[in-house]
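# Residue-level structure breakdown
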There are 2 protein chains.
Amino acid sequence: MPASDLFTDRRHRAARLLRNAGLDLLLVGPSPSFRYFTGCHSVASERFAAFLLDSSEQASLFVPRLQAPLYENAGLEIRTWNEEEAPLARLAGEFSARDIHRVAVNDEFWAGFLVGLTAAAPRWEFVSDGAVTARLRMCKEPDEIAGLRAAARRIDAVWARVCAAPEGIAGETELTLRSRIETFMRDEGFTEIPWIDVGAGANGASPLHHGSTHVIVRGEPVVCDFAGLHNGWFADICRVAVAGPPDPEYLRVYETVRAAQEAAFRAVRPGVPAEEIDRVGRALINGRGYGAFFTHRIGHGIGLAPHEEPYIVEGNTTALRPGMVFSNEPGIYVPGRWGARIEDIIAVTEDGAERLNTASRDLASLN
Amino acid sequence: MPASDLFTDRRHRAARLLRNAGLDLLLVGPSPSFRYFTGCHSVASERFAAFLLDSSEQASLFVPRLQAPLYENAGLEIRTWNEEEAPLARLAGEFSARDIHRVAVNDEFWAGFLVGLTAAAPRWEFVSDGAVTARLRMCKEPDEIAGLRAAARRIDAVWARVCAAPEGIAGETELTLRSRIETFMRDEGFTEIPWIDVGAGANGASPLHHGSTHVIVRGEPVVCDFAGLHNGWFADICRVAVAGPPDPEYLRVYETVRAAQEAAFRAVRPGVPAEEIDRVGRALINGRGYGAFFTHRIGHGIGLAPHEEPYIVEGNTTALRPGMVFSNEPGIYVPGRWGARIEDIIAVTEDGAERLNTASRDLASLN
């Protein structure tokens, strides 16, 4: 559908969810949800800016006067405040004639503004917008999945270039390899890069190791996890490379992770609770004796944000639905020795799941 | 002083301010203030992480288990939560035995967590941490000013390279010039780049125009504003370039901005209210008939964040003190025609102010 209809439709569905949840107003600061409802990118700052939608479907923007030109293509009513004004009092004043009680705010909304609004509009009760925004964003339309698939293919291409780089990895530092990945990512069209984590040997046993001056030696597995924004959608991948043969025990660890990832993938279909996917992957790793070393959830949703609902974690009983897109990334981390993780983004289909990443899941053997 | 003493000293001073303000606990999520108190960089995400300091000076970190290795050099007690746990209930539980009532949170703390904590710890009242954190961060120590000065010199070097680039600007698009600036910034060691705004001709009349495919023509003033993080400190600059002679009226506009910036600079000294600096610059622009076109505050503090206290704006009566560092950036924006802004970062000294940027403030005449 045309872009303007897309955003109107999203706002229409959000207003219905507001009414269903007994909410009067949705207040969304600069964030991926702001982009979801307006089509406009916006960066959070000390200058208060928000998208507002009430339960009768009236939508508007309330932004600093000097930001107004950035939003003029949104097709929304724009109210502005001037630099010397107190925006939160202005906002509360504009809504004082309306019967506003329960206000949903996005998770990333700044607490400083929430504290200020609590003073300016003492009758407003603030709640999470999860029942509205996360619920809508969680299920992607076919066009959105196409965008995520295209982004995944580009990050696969980055990994292919890492594997093909004639310099290899032995003798390089983690940070050099990280820079190489960043160069390939920018070259493939990634505009925001929230993380590039490179951990060799024992450093790979910390799932979020960002990289160091450690020099990669032969036989040492190198965990590479990187994510980026491509044409409005996030991609995310994790693969492991090694120069020369690794320890035979590492091969068993790696194959365990690979089998867990495959088992989790096969468990995905509509109706299954999110936590069940985590349990399936974890059960396989537990069964091979490595359960204590799988220290994180198996996955996270992805879309306009690199991490979003649904989180694939014990305790999340949300039933999977077609169009949900999330990572499938079991791992094993043995302190002092090594780490292994394999991550693909997958989309729930009518009867199972599609892998959006298609890069080989083999342990990459490099120079 | 050694780094560990630096952070201990900051926490000591913060605890005293907590007591003075009748606050029981400071709760700081990933943000520049988190770095200020711990020395550790941290990125806000759906996984709750916080630095905690109580009024008796007990400091600790409460972070996801898998992030713990990122903070092990902070020299702080680290408590962790596991992926399947509810961290906010855990946090409230850990503090339930203590007499906590008033909790200060950093402005950027996520509202989703604040809403969750309000449910988990209903006796806690949340307030802004401005009386503690902003107050401490606002006045820089000599070492900190040295870091800001070094960052300013590097961004001056970027502007020098823009001016020296043999390609010139006429015939280039705004986005090409933006990319050129980005390349120079990365080359000069800037690791985070929150904005690069390039606006030619009428686009320059929007103070935050990010750049477009508009092709720069001769005689058209191009407003270039860019900021970046260099070795832990932010730099920020705005200059204007033009290929060939601009309209004579533009020269009058530019000279008005320059005179306003100079007048504001000369007004800076300890004891003067922040708003007075804005008034001095604005009075000069008003006096020459362009007052309606100066649509933003004259400046913002800068340090670990690109925008921070003190804001130099009407209504801010904070008295300037030695060590405060902020931008001085008056502008004139005539819709449909052009924009002019000149920005330097300045530090308040014992008897006046020092410009940290020293790039020429002349209108840059390029090819």
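Note that the structure is predicted; figures quoted are calculated from it, not measured.

This next bit is on the overall build of chain A. The secondary structure content of chain A amounts to nine helices and 17 strands. Here the C-alpha radius of gyration of chain A, 23 Å, is about what a compact globule of 367 residues would show, namely 21 Å. Counting only C-alpha atoms and orienting by the principal axes, one finds that chain A spans roughly 70 × 40 × 40 Å. In chain A, buried positions account for 59% of the 367 residues.

Residues and elements named next belong to chain B. Strand order in this open sheet of four strands is β7-β8-β9-β17, and the pairing throughout is mixed. Across the chains shown, the open sheet's two edge strands, defined by having one partner strand only, are β7 (192–200) and β17 (364–366). Strand after strand, the sheet turns through a mean of 25 degrees between neighbouring axes, direction not considered. One ladder, built from nine bridges, connects strand β8 (residues 222–230) with strand β9 (residues 233–243); its direction is antiparallel. Across the sheet, the residue bridging to Cys224 is Arg239, located in β9. This element, helix α6 (residues 142–164), spans β8, β9 and β17 of the sheet and lies at about 25 degrees to β9.

The next point concerns a positive patch on the surface. All names here are of chain A. A cluster of like positive charges, contributed by Arg16, Arg19, Arg135 and Arg321, occupies part of the molecular surface. Relative to the helices and strands, Arg135 is located in helix α5 (residues 130–138). Judged by relative accessible area, which is 45%, Arg135 ranks as partly exposed.

This paragraph deals with helix α9 (residues 274–287) of chain B. All names here are of chain B. Under the 1.5 Å per step criterion, the end-to-end length of α9 is 21 Å for 14 residues, consistent within 8% with the ideal 20 Å. Residues of α9 that are buried: Ala274, Glu275, Ile277, Asp278, Gly281 and Ile285. The arc that holds every buried residue of α9, seen down its axis, measures 155 degrees, which confines them to one face. Check the buried side of α9 and you find it contacts α8 (248–267), β11 (308–312) and β13 (331–334). Looking one or two places after α9, you find Gly289, whose phi comes out positive at around 90 degrees.

Residue and element names in this part refer to chain A. The domain boundaries assigned to chain A delineate domain 1 (3–137) and domain 2 (139–366). Spacing between the C-alpha centres of domain 1 and domain 2 amounts to 34 Å. Of the residues lining the interface, ten residues belong to domain 1; the matching set on domain 2 comes to twelve residues. Here domain 1 meets domain 2 over a buried area of about 840 Å², counting both sides, of which 40% is carbon and sulfur. Seen at the junction of domain 1 and domain 2, the total is two salt bridges. A salt bridge links Glu144 to Arg10; the nearest nitrogen and oxygen atoms lie 2.5 Å apart. Viewed at the interface, domain 2 and domain 1 are joined by six residue pairs in polar contact (both at pLDDT 80 or more). Every element with two or more residues in the side of domain 1 that touches domain 2 is listed here: α1 (3–20), α2 (32–38) and α5. Among the elements that make up the side of domain 1 that touches domain 2, the one with the highest residue count is α5 (four residues).

Quick look at the sheet that holds strand β2 (residues 50–54) of chain A now. Residue and element names in this part refer to chain A. Taken in spatial order, the six strands make up an open sheet running β4-β3-β2-β1-β5-β6, and their pairing is mixed. Edge positions in the sheet fall to β4 (77–81) and β6 (125–128), since each of these pairs with one other strand and no more. Geometrically, the sheet is characterised by an average inter-axis angle of 25 degrees between neighbouring strands, direction not taken into account. For strand β5 (residues 102–105) and β6, the ladder comprises four bridges, and the chain directions are parallel. The residue of β6 that forms the bridge with Val105 is Ser128. Relative to the sheet, helix α3 (residues 87–94) contacts β1 (25–28), β2, β3 (59–64) and β4, its axis offset from that of β4 by approximately 135 degrees.

What counts, and at which threshold
- Residues numbered from 1 in each chain as written.
- Chains lettered and ligands numbered in written order.
- Predicted model: local features only at pLDDT ≥ 70, side-chain atom pairs only at ≥ 80, totals over all residues.
- Heavy atoms only, no water.
- Helix = DSSP H or I, 4+ residues; strand = E, 2+ residues; numbered from the N terminus.
- Rg over C-alpha atoms; globule rule 2.2 N^0.38 Å.
- Buried < 20%, exposed > 50% of the residue type's maximum accessible area, 1.4 Å probe, protein only.
- Pairing = 2+ DSSP bridges.
- Axes fitted to C-alpha atoms, helices over the stretch in contact; angles between N-to-C directions.
- Contact = heavy atoms within 4.5 Å.
- Patch = residues over 30% accessible without salt bridge, like charges linked within 9 Å, V, L, I, M, F, W, Y side chains within 5 Å.
- Areas by Shrake-Rupley, 256 points an atom, 1.4 Å probe, with all protein chains shown as cover.
- Salt bridge = Lys/Arg side-chain N within 4 Å of Asp/Glu carboxyl O.
- Lys, Arg positive; Asp, Glu negative; His and termini not counted.
- Charge placed at Lys NZ, Arg CZ, Asp CG, Glu CD.
- Expected span 1.5 Å × (residues − 1).
- Arc of directions from axis to C-beta.
- Domains from an automatic or database assignment.
- Buried area = accessible area lost by both parts, 1.4 Å probe.
- Polar contact = N/O pair within 3.5 Å; in protein donor to acceptor, adjacent residues only side chain to side chain.

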